[in-house]
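So the chains spell out like this:
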Amino acid sequence: MALVTAESLKSELEMFDVPCTDDSVLDTMVELCICSRIQADEMLLEWVAYSTTKNGLKLSADTLEQFKHEGPQKRALTTPEHPHSKRSTALLASPGLLLSPASFSPSATPSQKYSQRGGKGEVVVTFGAVQGTRWVGRRSAGAGVQLELLEGCEDSLRSSYKFMFQRLRDVRNVLTEKIEELGESLKSHFSIEEFSPVSLPAQDSIKVLGQVCCDSNGKLNAHSVLLEAGPEQGGHQVPVDLSELKEYSLFPGQVVVMEGMNTTGRKLMASKLYEGVPLPFYTPEIKMEMDEEPMNVLVACGPYTTSDTLTFDPLLDLISIIVRDRPDVCLLLGPFVDSKHEQIEKAQVTETFEAIFSRCVESILDGTKSVGCRLVFVPSQRDIHHHYIFPQPPFTLPNLSKDQVQRVTLVPDPCTLLIDGVTFGLTSTDILFHMGAEEISCGTGSDRFSRILKHILTQRSYYPLYPPVEEVNMDYEKFQSFGQMPLTPDVLIIPSELRYFVKDVVGCICVNPGRLTKGQVGGTYGRLLVQRSASSQDVKRVSPCLAAQVVKV
């Protein structure tokens, strides 16, 4: 079944002999079709029926608005606060509906657990001054929003590249440079005169620089910690005794400075740990005035369909939420076509993965056209139609119209965005889950999320874990260029399978919006109100994130 577009509606209008030359009317009708989950011919039948009862009412922006509110056959938009009726639930089983055609798979029936979920629209996490907050975009959503990759065109990952050609020597060189770079910042911050070789016997207390690693292929524990130095400090490994440290938090790949005794050259008795420091925040080159209105940013992370069907109901609900709230910017992170989906794993789809993805994107573009919000698409290594590599190049959408190109920004994973003077760090890779499984700690309290987030920020990397987990296909040459943080972002979007949260960590607002679906049931999305402060070197920095929430879809 063809996707509902302005062109398909135009054809139906001509067939029904309904004159319409106003493109905004077509856009509104496309939006109605998507949010009401009906096809173009059904929409026209309802309009003709409504028009007939009004003595042949002519189609225009005003009369269409009347139709939306007064029509006897009108359909309520499906939102978390206004779930669809039994009638529309029955309609969902139709193979002709948008994003749920029979061609996707032999069994394109809606998820019963998802449709019967409770708590729709419930706010599960709140941050900042949210009392009395209106979660809507500016008067003209998306208009005038300045959005760019902070690295700049020349320094950002823009297209696909060849991978699987890296040599171990090249990987070693990248890790060495990381140790040396972070070592210099640690030396400067803690006023350390020099580092000692890790394997040189010394009777006095010494300070050594290195990378934490494990003495085996097993999981890191308090008795398996090694410190591996860079070439400048001899390049050797030494076992570390942590028993004298009152508190620590360590993970494989972490660059640290340890102070202690190494009388034999074969074991370091650590007595003090020096951890990394974060990069500065963004400071504009020219003085900027504070925005009059805060910017509303919606954040959602896939999967966009439940695990038991490919009907994409959650995505349609998200589109309805965007239409209702009219955010200025939507940050949409993959997976869009999930490689872990049951029907994809079992090869039960009968349409190409690229076609399914294209349908998702076109639905989002058409469904939100009247809102005019900026759309940012971030790929995931779980997107089966895209390159399985980290860092991951952006999606390619060659068939976008001129108007769509103005609204759509395709970015790599990971990336740092500058949106109206506010910096956003984005990654769809679940580094929180990966580091959570590898980190060891003692005496540091129970807030594991904050510890891991602080590690990410102070290690200045979107993926500081080494070696990476098996499911992350890392290209270290590109990682050195595109996987590092150029600064500490004002907001870090870091979706994970772990529980959703919003946290202030060393001045960076870290948001795990959760995933839009969790198995067969609905998940969550995030929304933020941000407002750039008037820039001045003499004024103490204030976070631009005024408020944030995580909401059930």
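Only a predicted model underlies this, so the values are computations on that prediction, with no experimental measurement involved. (Residues numbered from 1 in each chain as written. Predicted model: local features only at pLDDT ≥ 70, side-chain atom pairs only at ≥ 80, totals over all residues. Heavy atoms only, no water.)

J.: How would you summarise the overall build of the chain if you had to cite specific residues and measurements?
T.: A count of helices and strands for the chain gives 14 helices and 22 strands. Counting the 553 residues in the chain, one finds 56% classified as buried. Partitioning the intrachain contacts of the chain with sequence separation of at least 6 by distance along the chain shows that 74% fall at a separation of at least 24. (Helix = DSSP H or I, 4+ residues; strand = E, 2+ residues; numbered from the N terminus. Buried < 20%, exposed > 50% of the residue type's maximum accessible area, 1.4 Å probe, protein only. Contact = heavy atoms within 4.5 Å.)

J.: Explain the pattern of salt bridges to me, and be specific about the residues and the numbers.
T.: Counted according to the given criterion, the structure contains 18 salt bridges. Between E497 and R382 there is a salt bridge, and its shortest N-O distance comes to 3.1 Å. Of this pair, E497 sits in the loop between β16 (491–493) and β17 (501–505) while R382 sits in the loop between β11 (374–378) and α11 (402–407); the two residues are 115 residues apart in sequence, bridging distant segments of the chain. Close ionic contact of R448 with E439 constitutes a salt bridge, the shortest N to O distance being 2.8 Å. With a relative accessible area of 2%, E439 lands in the buried category. The network of salt bridges with common partners includes D338, R382, E497, R515 and K518. (Salt bridge = Lys/Arg side-chain N within 4 Å of Asp/Glu carboxyl O.)

J.: Which residues make up the packing of helix α8 (residues 313–325) against helix α10 (residues 353–367), and what values do they have?
T.: For any two helices packed against each other, one specifies the inter-axial angle together with the distance between the axes. Interhelical geometry of α8 versus α10 gives an angle of 20° and a closest axis separation of 10 Å. As far as their axial angle goes, α10 and α8 are roughly parallel. In this structure, α8 crosses over α10, and the sense of that crossing is right-handed. The segment α8 lies against α10, with L315, I319 and V323 engaging C360, S363, I364 and G367. Of the residues assigned to the contact of α8 with α10, the class counts are five nonpolar, two polar and no charged. (Axes fitted to C-alpha atoms, helices over the stretch in contact; angles between N-to-C directions. Parallel < 35°, antiparallel > 145°, perpendicular 65-115°, else oblique. Left-handed = near helix turned anticlockwise from the far one by under 90°. Nonpolar A, V, L, I, M, F, W, Y, C, P; charged D, E, K, R; others polar.)

J.: Now, about the sheet that holds strand β5 (residues 237–241): what can you tell me, with residues and values included?
T.: If you walk around this closed barrel you meet the five strands as β3-β4-β5-β8-β7, and the pairing is mixed. Between one strand and the next, the sheet's axes are offset by a mean angle of 55°, whatever the strand orientation. Sheet topology places strand β3 (residues 202–214) next to strand β4 (residues 225–228); four bridges connect them, and they run antiparallel. Residue C213 lies in a different strand from β4, and its bridge partner there is L226. Contacting β3, β4, β7 (255–262) and β8 (268–274), helix α7 (residues 168–189) crosses the sheet at an angle of about 130° to β3. (Pairing = 2+ DSSP bridges.)

J.: Account for the sheet that holds strand β18 (residues 508–512), naming residues and giving values.
T.: Strand order in the open sheet formed by six strands is β2-β13-β14-β16-β18-β17, and the pairing between neighbours is mixed. The outermost strands of the open sheet, each flanked by one partner alone, are β2 (147–149) and β17. Across this sheet, the average inter-strand angle for adjacent strands is 25°, counted without regard to direction. Across three bridges, β2 lies against strand β13 (residues 415–419) in antiparallel orientation. Each residue of the ladder has a partner; that of L147, found in β13, is I419. Sitting on the sheet, helix α13 (residues 448–458) touches β16, β17 and β18, and the angle it makes with β17 is about 55°.

J.: Would you mind going over the packing of aromatic side chains in detail, with residue names and values included?
T.: Within the structure shown, the criterion is met by 15 aromatic pairs. Taking the centre distance of 6.1 Å and the plane angle of 70° together, the rings of Y161 and F163 count as edge-to-face. For Y161, a relative accessible area of 13% gives the class buried. When the centroid spacing of 5.8 Å and the interplanar angle of 75° are considered together, the rings of F336 and F395 count as edge-to-face. Taken as a pair, F336 in the loop between β10 (329–333) and α9 (342–345) and F395 in the loop between β11 and α11 lie far apart in primary sequence, 59 residues in all. Residue F336 shares its accessibility class with F395, and that shared class is buried. Following the ring pairs from residue to residue traces out a cluster consisting of Y304, F336, F357, F377 and F395. The ring centre of Y114 lies 3.8 Å from the NZ or CZ of R117, which sits over that ring. Over the aromatic face of F281 sits the side chain of R541, whose NZ or CZ is 3.5 Å from the ring centroid. (Phe/Tyr/Trp six-rings, centres within 6.5 Å; stacked < 30°, edge-to-face > 60°. Lys NZ or Arg CZ within 6 Å of the ring centre and 35° of its normal.)

J.: How would you summarise the confidence of the model for the chain if you had to cite specific residues and measurements?
T.: Regions with low pLDDT carry predicted coordinates that are not meant to be interpreted in detail. For the chain, mean pLDDT is 87; residues scoring 70 or higher make up 89% of the total. Segment residues 72–98 is flagged for pLDDT under 50; beyond a separation of four residues in sequence, or across chains, it makes 62 contacts in the model. (pLDDT = per-residue confidence, 0-100.)

J.: Run through the nonpolar core, naming residues and quoting values.
T.: Formed by 59 residues in total, the largest nonpolar core has its most connected members in L59, L298, Y304, L332 and F377. Each of domain 1 (6–63) and domain 2 (120–136 + 282–423 + 514–552) gives at least three residues to this core. If we ignore the near neighbours within four places in the chain, the residues touching L298 are L318, I321, I322, P327, V329, C330, L331, L332, Y525, G526 and R527. Grouped together as the second largest cluster of nonpolar side chains are 32 residues, F127, L149, C415 and V491 included. (Core = buried A, V, L, I, M, F, W, Y, C linked by side-chain atoms within 4.5 Å. Domains from an automatic or database assignment.)

J.: Outline α8, supporting the account with residue identities and numerical values.
T.: For α8, which comprises 13 residues, the first-to-last C-alpha distance of 18 Å matches the rise-based estimate of 18 Å (1.5 Å per residue) to within 8%. Of all 13 residues in α8, 12 are buried; the element is thus mostly enclosed. Residues of α8 that are buried include every one of D313, P314, L315, L316, D317, L318, I319, S320, I321, I322, V323 and D325, and no others. Positive phi shows up at R326, right after α8, with a value of about 55°. (Expected span 1.5 Å × (residues − 1).)

J.: Account for α7, with residues named and values stated.
T.: Between the first and last C-alpha of α7 there are 32 Å, a value that for 22 residues agrees with the 32 Å anticipated at 1.5 Å per step. Buried within α7 are the following residues: V171, V174, L175, T176, K178, I179, L182, G183, S185 and L186. Directly after α7, the chain includes S191, whose backbone phi takes a positive value near 55°.

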